[in-house]
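Observations on the model geometry
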Amino acid sequence: MNKRILMKGNEVIAEAAIRAGCRYYFGYPITPQTEIMHYMALTMNKAGGTFLQAESEVAAINMVYGASAAGGRAMTSSSSPGISLKQEGFSYIAGAELPAVVVNIVRAGPGLGGILPAQGDYFQATKGGGHGDYRNIVIAPASIQELYEMTVEAFNLADEYRMLVMILGDGTLGQMMEPVLFREEEPIVESTKEWALTGNKGRVHNSIQSIYINPDDLEAKNNELQAKYRAIEEKETRFEAMETDDAEVVIVAFGTCSRICRNVIRQAREQGVKVGMIRPITLWPYPSEVISELAKDSSVKAFLDVELNAGQMIEDVKLAVNGVKPVYFHGRTGGNLPSQKEILDLIMNIHKEVNQ
Amino acid sequence: MAIVFEKTKGLTDKPFHYCPGCTHGIIHRIIAEVMCEQDILENTIGVSSVGCTYNNYEYFACDMAQAAHGRAPAVATGIKRVHPDHTVFTYQGDGDLASIGTAEIVHAAARGENISVFFVNNAVYGMTSGQMAPTTLLGQVTTTSPFGRDSGLQGYPINVSEMLATLTGAVYIERVMITDFKNIQAAKRAVAKAFRVQKQGLGFSMVEFLSTCPTNWGKSPVESIDWLKENMVPQYPLGVFKGKDLEV
């Protein structure tokens, strides 16, 4: 049984969701994530669930709101322009404290942009996007195996915290194929959901809403949400540290970009420059603490933030570094990926500069 | 002493916040009465929308979700797919359903989504203080058509019931008015029929209620009822637009 299967990223996400007990999928076609829909269309009904092609991304996220309010494990997926349309729903889901999983296979923007991979939705994913004070847990896998495992985990986190969990991938992860090893049984955590709309038999009626007209009630609700977010920052922050123990230059990169940088570490070390990397796995909550600690480390001379955008996560890196060490940036846009060589050349220059 | 009238158990004890002469309260009551008469209160999930009735999740005694502006049919779709054996309804005004929510209502009807929609048409945005709605009549003065709705500038009213009746997935659509005892009883029969259509799994049903807004029309409740009959009914004739011969 323990056999690796070669699968496309988007299809793995869909398979993982069904394995995680997701039985309600609502979506609208958009490249480069549409294979998630195709896979759902083929398999969801057989799994005893609902696949529904909505009239728009707006409708799809509101169907998720309804299905989740009714107690179902529900998800939607899209890519950047479609995610923009769903932001209204994200805010309502946050306000109503509903579990939901949303996949964003990011493409290059702004506007209709292009269909090639990018990380230009970092701000939108981690800083809000919709209106009001709210947070979503944002998970950034970097391989097909991680897409599988983290999608399963996303459903558990969504139920546990009653909030939206976003899988933030990019066109590369969605479209590429890698071997994936599925577990025999998924670690599904069942929750009771006493708050769900199931009919009021034997109890007072339930309501799901995000409106609190009385300012004190709304402030109390906001305080409750913020307390939940602080607890998540404590418990759910995840990152991978690679060869940071003796590093002079620390790369910070996530997702596909971290895959490219991983190879650069080895190449730089072969040339005598000690490079390490922090790969944030959760983009919110952000692993600020480990970056702050490294910044204080005397062996660390500089940070290099590499992204598939014009510089978004770098703001969080700089906040964590807090001016203690220089933070350099390298980014590509338009759907282009940086080559290992261009990152390596930059690291050599940075190394020279900080050792002068 | 014999009880000759009592408040329906389909409503909570929370006092309505609606303006004097507003007909939302009557529509709430007849929906609640029908839920009790059909013994479906414990198996019904309603969806509130955005507008004057944003908080009727506090008034109906069944489970309720509150939806974003115009999205109630999509939310109801999600609920119904999880609980196909429950009765699911939306309660929406004309701004919510006929303006910002046109895509959601058209596609819910087109899918034959097995839900019941209660559409309250008072030809004006009530909650935000009397702006022009898609259902505002030609010549009607509102805060955003202060010189009267001009077809050259603002187009024409939308007859939602007639429009949705063209869709195969819509199986029962009726327009009623909340003006007097006889018509309120007719409205209640329409609500009962919509729920029976859903119970039998036949598909999408909608009742459109012609309704008054004395506050934003600048009229007394009695004048408002006369205005409705004289002005709204010619544009929005009463009747069954789909499912006339449906035996349920």
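Residues numbered from 1 in each chain as written. Chains lettered and ligands numbered in written order. Predicted model: local features only at pLDDT ≥ 70, side-chain atom pairs only at ≥ 80, totals over all residues. Heavy atoms only, no water.

**Some remarks on the layout of surface pockets**
This is how the line gets drawn: Throughout, the protein atoms alone are placed on a 1 Å grid, and a set of points is a cavity if a 1.4 Å probe fits but cannot get out or a pocket if it is open with protein on both sides within 12 Å along at least five of seven lines; lining residues have an atom within 4 Å of a point. Grid points are joined across faces, edges and corners, and a volume is the space filled by probe spheres set on the points. The helix count covers DSSP runs of H or I at least four residues long, the strand count covers runs of E at least two residues long, and both are numbered beginning at the N terminus. Classes in brief: Ala, Val, Leu, Ile, Met, Phe, Trp, Tyr, Cys and Pro nonpolar; Asp, Glu, Lys and Arg charged; the others, Gly included, polar. In this document the domain limits rely on a domain assignment from an automatic tool or a database.
Of the pockets and cavities examined, the largest pocket occupies roughly 680 Å³. In this structure, the largest pocket is lined by 37 residues; those nearest its centre are Tyr92(A), Ser210(A), Ile211(A), Val50(B) and Gln66(B). At the level of elements, α4 (80–96) and α8 (215–236) of chain A together with β3 (87–93) and α3 (94–100) of chain B are the ones that each hand at least two residues to the lining of the largest pocket. Class assignment for the residues of the lining of the largest pocket results in 15 nonpolar, 18 polar and 4 charged. With 4 residues, the top contributor of residues to the lining of the second largest pocket is helix α10 (residues 288–296) of chain A. Classifying every residue of the lining of the second largest pocket gives 8 nonpolar, 3 polar and 7 charged. Looking at the lining of the second largest pocket, you find at least three residues from each of domain 1 (5–236) and domain 2 (240–354) of chain A.

**Examining the domain arrangement of chain A**
Residue and element names in this part refer to chain A. Put simply, the rule is: Contacts were defined at the residue level, with two residues in contact if any of their heavy atoms lie within 4.5 Å. Note on definitions: buried area is the accessible-area loss of two parts on being combined, 1.4 Å probe, summed for both.
Its domain assignment divides chain A into domain 1 (5–236) and domain 2 (240–354). Taken over C-alpha atoms, the centre of domain 1 sits 29 Å from the centre of domain 2. With 33 residues of domain 1 at the contact, the number on the domain 2 side is 25 residues. Each partner contributes to the roughly 2,300 Å² buried at the junction of domain 1 and domain 2, and carbon and sulfur atoms together form 56% of this total.

**Looking at empty space enclosed by the protein**
Residues and elements named next belong to chain A. Taken as a whole, this structure holds 2 cavities of 30 Å³ or more when the rule is applied. Taken as a whole, the largest cavity spans an internal volume of roughly 50 Å³. In this structure, the largest cavity is lined by Gly72, Arg73, Ala74, Pro99, Ala100, Val101, Phe155, Ala158, Asp159 and Lys193. Ranked by residues supplied to the lining of the largest cavity, first place goes to helix α6 (residues 144–161) with 3 residues. In the lining of the largest cavity, the residues fall into 6 nonpolar, 1 polar and 3 charged. Of the voids in this model, the second largest cavity is the one considered here, and its volume is about 30 Å³. Lining of the second largest cavity is provided by Ile137, Ile139, Leu157, Glu236, Arg238, Ile281 and Thr282.

**Re the pattern of salt bridges**
All names here are of chain A. Note the threshold: Here, a salt bridge means any Lys or Arg side-chain nitrogen found within 4 Å of an Asp or Glu carboxyl oxygen. Each residue's exposure class comes from its accessible area (1.4 Å probe, protein chains only) as a fraction of the maximum for that residue type: buried when under 20%, exposed when over 50%, partly exposed otherwise.
Counted according to the given criterion, the structure contains 35 salt bridges over all chains. Put simply, Glu178 and Arg259 hold a salt bridge, and the shortest N to O gap is 2.3 Å. In this pair, Glu178 is assigned in strand β8 (residues 177–180) and Arg259 in helix α9 (residues 255–270), connecting sequence segments 81 residues apart. Its relative accessible area of 28% is what places Arg259 among the partly exposed residues. Here Arg262 ties to Glu240 by a salt bridge, and the two come within 3.3 Å at their closest N and O atoms. With Arg262 in helix α9 and Glu240 in strand β10 (residues 239–242), this residue pair connects regions lying 22 residues apart in the sequence. Classification of Glu240 by relative accessible area gives partly exposed; the value is 23%.

**With respect to the sheet that holds β10(A)**
All names here are of chain A. For clarity, the threshold we go by: Think of it this way: DSSP has to see at least two bridges between two strands before they count as a pair. Inter-axis angles, ranging from 0 to 180 degrees, are taken between N-to-C directions of lines fitted to C-alpha atoms, where helices are fitted over the stretch in contact.
Taking strand neighbours across the sheet as the criterion, the 5 strands line up as β10-β12-β11-β14-β15 in an open arrangement whose pairing is mixed. Taken across any chain shown, the strands that pair with only one partner, and hence form the sheet edges, are β10 and β15 (327–331). In this sheet, neighbouring strand axes are inclined to one another by 20 degrees on average, regardless of whether the strands run parallel or antiparallel.

**As for the pairing of β3(B)**
Residue and element names in this part refer to chain B. Here β3 lies mainly inside the structure; 7 of its 7 residues are buried. Side chains Thr87, Phe89, Tyr91 and Gly93 project from β3 onto one buried face, and the interleaved Val88, Thr90 and Gln92 project onto a second face that is buried too. With 5 bridges joining them, strand β1 (residues 44–48) and β3 adopt parallel strand pairing. When the bridges of β3 are listed, Val47 appears paired with Thr90.

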